[in-house]
Amino acid sequence: MWVSALCTLALIYLSLGWARVAVEWLRDRNALRLSVLLLLLIVAVMILRSLLRRRPGRHTLVVIVVFVVVYGVLLVFMERVEERLHLVEYGLVGAFIYRALAERRLHGKLQRISPAVAAVLLTAAFGWIDEGIQAVLPSRVYDLRDVAFNAVAGLLTVSAMVALSWAERRDAASGG
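Below or above, wherever it landed, is the structure these notes cover. (Residues numbered from 1 in each chain as written. Predicted model: local features only at pLDDT ≥ 70, side-chain atom pairs only at ≥ 80, totals over all residues. Heavy atoms only, no water.)

**Overview of helix α2 (residues 32–53)**
The criterion, for reference: Secondary structure elements follow DSSP: runs of H or I no shorter than four residues count as helices, runs of E no shorter than two count as strands, and numbering proceeds from the N terminus. To estimate the expected span of a helix, count its residues, drop one, and scale the result by 1.5 Å. Exposure classes here rest on a 1.4 Å probe applied to the protein chains alone. A residue is buried below 20% of its type maximum, exposed above 50%, and partly exposed in between. To be clear, the arc concerns the directions from the helix axis to the C-beta atoms.
Look at α2: 32 Å from first C-alpha to last across 22 residues, which is about the 32 Å you get at 1.5 Å a residue. Every buried residue of α2 is listed here: L32, V36, L40 and L51. The arc enclosing the buried residues of α2, seen along the axis, measures out at 50°, which places them on a common side. Structural note: α2 exposes L34, V45, M46, R49 and R53 on the side pointing more than 90 degrees away from its buried face. One or two residues past the end of α2 sits R55, with phi positive at roughly 55°.

**Description of the packing of helix α1 (residues 2–28) against helix α5 (residues 115–136)**
In helix packing, the relevant descriptors are the interaxial angle and the interaxial distance, both defined with respect to the helix axes. Stated formally: What counts as an axis is a line fitted to C-alpha atoms, over the stretch in contact for a helix, and the angles between N-to-C directions run from 0 to 180 degrees. Should an angle lie under 35 degrees it is considered roughly parallel, over 145 roughly antiparallel, and from 65 to 115 roughly perpendicular; all remaining angles are considered oblique. Should the near helix be turned anticlockwise from the far one by less than a right angle, the crossing is termed left-handed; should it be turned clockwise, right-handed. Any two residues whose heavy atoms approach within 4.5 Å at even a single point are treated as in contact. Each residue receives one of three labels: charged for Asp, Glu, Lys and Arg, nonpolar for Ala, Val, Leu, Ile, Met, Phe, Trp, Tyr, Cys and Pro, and polar for the others, Gly being one of them.
Where α1 contacts α5, the axes come no closer than 10 Å and their chain directions differ by 20°. Judged by the angle between their axes, α1 and α5 are roughly parallel. Both α1 and α5 take part in a crossing whose hand is right-handed. The residues of α5 that touch α1, namely those facing W2, L9, I12, Y13 and L16, are L122, F126, I129, D130, I133 and Q134. Of the residues contributing to the contact of α1 with α5, the split by class is 9 nonpolar, 1 polar and 1 charged.

**Description of the environment of N150**
Our working definition: Under the rule applied, a polar contact is a pair of N or O atoms within 3.5 Å (in protein, one hydrogen donor and one hydrogen acceptor; residues adjacent in sequence only if both atoms are side-chain atoms).
Tracing the chain through its elements places N150 in helix α6 (residues 144–173). Between the C-alpha atom of N150 and that of G94, which follows or precedes it by 56 residues, the distance is 9.5 Å. If sequence neighbours within four positions are ignored, N150 has contacts with H86, Y90, T123, G127, D130 and E131. A distance of 3.2 Å separates a polar atom in the side chain of N150 from the backbone oxygen of G127.

**Looking at the nonpolar core**
To keep it simple, the criterion reads: Working definition of a nonpolar core: buried Ala, Val, Leu, Ile, Met, Phe, Trp, Tyr and Cys residues. They are joined through side-chain atoms within 4.5 Å.
Counting 20 residues, the largest nonpolar core has Y90, V93, I97, Y98, L101, A119 and V158 as the members making the most contacts within it. Of all elements in the fold, only α1, α4 (85–106), α5 and α6 reach the threshold of two or more residues within this core. Ignoring any residue separated from it by four or fewer positions in sequence, one finds V158 in contact with G94, Y98, A116, A119 and V120. In terms of nonpolar packing, the next biggest core, distinct from the first, is built from 9 residues, I64, F67, L156 and L164 among them.

**Describing the side chain of D146**
The condition that has to hold: By the counting rule applied here, Lys and Arg register as positive and Asp and Glu as negative, while His and the ends of each chain are not counted. By definition here, a salt bridge exists when the distance from a side-chain nitrogen of Lys or Arg to a carboxyl oxygen of Asp or Glu is within 4 Å.
Here D146 shows up in helix α6. Put simply, D146 is tucked away with no salt bridge, and the nearest opposite charge, on R140, sits 5.6 Å away. Among all residues touching D146, those that are not within four sequence positions of it are E83, H86 and E131.

**Side note on the packing of α2 against helix α3 (residues 58–77)**
For the pair α2 and α3, the least separation of the axes is 12 Å and the interaxial angle reads 170°. In terms of their interaxial angle, α2 and α3 are classed as roughly antiparallel. Residues L40, L48, L51 and L52 of α2 lie in contact with α3, whose contacting residues are L61, I64, V68 and L75. Per-class residue counts for the contact of α2 with α3 are 8 nonpolar, no polar and no charged.

**Side note on a nonpolar patch on the surface**
For clarity, the cut-off: Think of a patch as exposed residues, more than 30% relative accessible area, with no salt bridge, where like charges cluster within 9 Å and nonpolar side chains (Val, Leu, Ile, Met, Phe, Trp, Tyr) cluster within 5 Å. Under the convention used here, a 1.4 Å probe and the Shrake-Rupley method define accessible areas, while residue burial counts only the protein chains that appear.
On the surface, L34, L37, L38, L41, I42 and M46 cluster together into a nonpolar patch covering about 600 Å² of accessible area. As for its placement among the helices and strands, L41 is situated in helix α2.

**So, unusual backbone geometry**
If you check the backbone angles, N30 has positive phi at about 55° while not being a glycine. On the secondary structure map, N30 appears in the loop between α1 and α2. In this structure, R55 takes a positive phi of about 55° despite not being glycine. Along the chain, R55 falls in the loop between α2 and α3. Residue class for R55 comes out exposed when judged on its relative accessible area of 74%.

Structure, rendered in structure tokens:
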């Protein structure tokens, strides 16, 4: 999981120089909104397919619905289309970090801090580094809103993972 998290971060950081060019190229062809929508739909379908394969119980279904609504509301209120990509990028980083830390805790190597809290804090820090890199790139700008989007993406993803884990345990204990 650590390798996956670091590879994802490397891809994000390495794309900073040319990402704005790609976004503008898509925007000039009126394809940005559709491209981002397709990406978000692909991610949503993959996640929902994975969750529904497990035959979720009622607690799990409630958690799924709650987080679908939360993400939906957040997406509606994001002003610029490309801002929505933060949810995918740093949601993925947060998920990998959380899994890696949860595994370490399972093996007794992490005891003082919750894997969820640590994952959210690390994801926020990596998102802030992302913006710091952009501050020195001539074609990019430092934006505190993007720092917040990165942190919120990690927070929401890790919260969803924790809530789903709780719901699945609750469903198993109640027989479905």
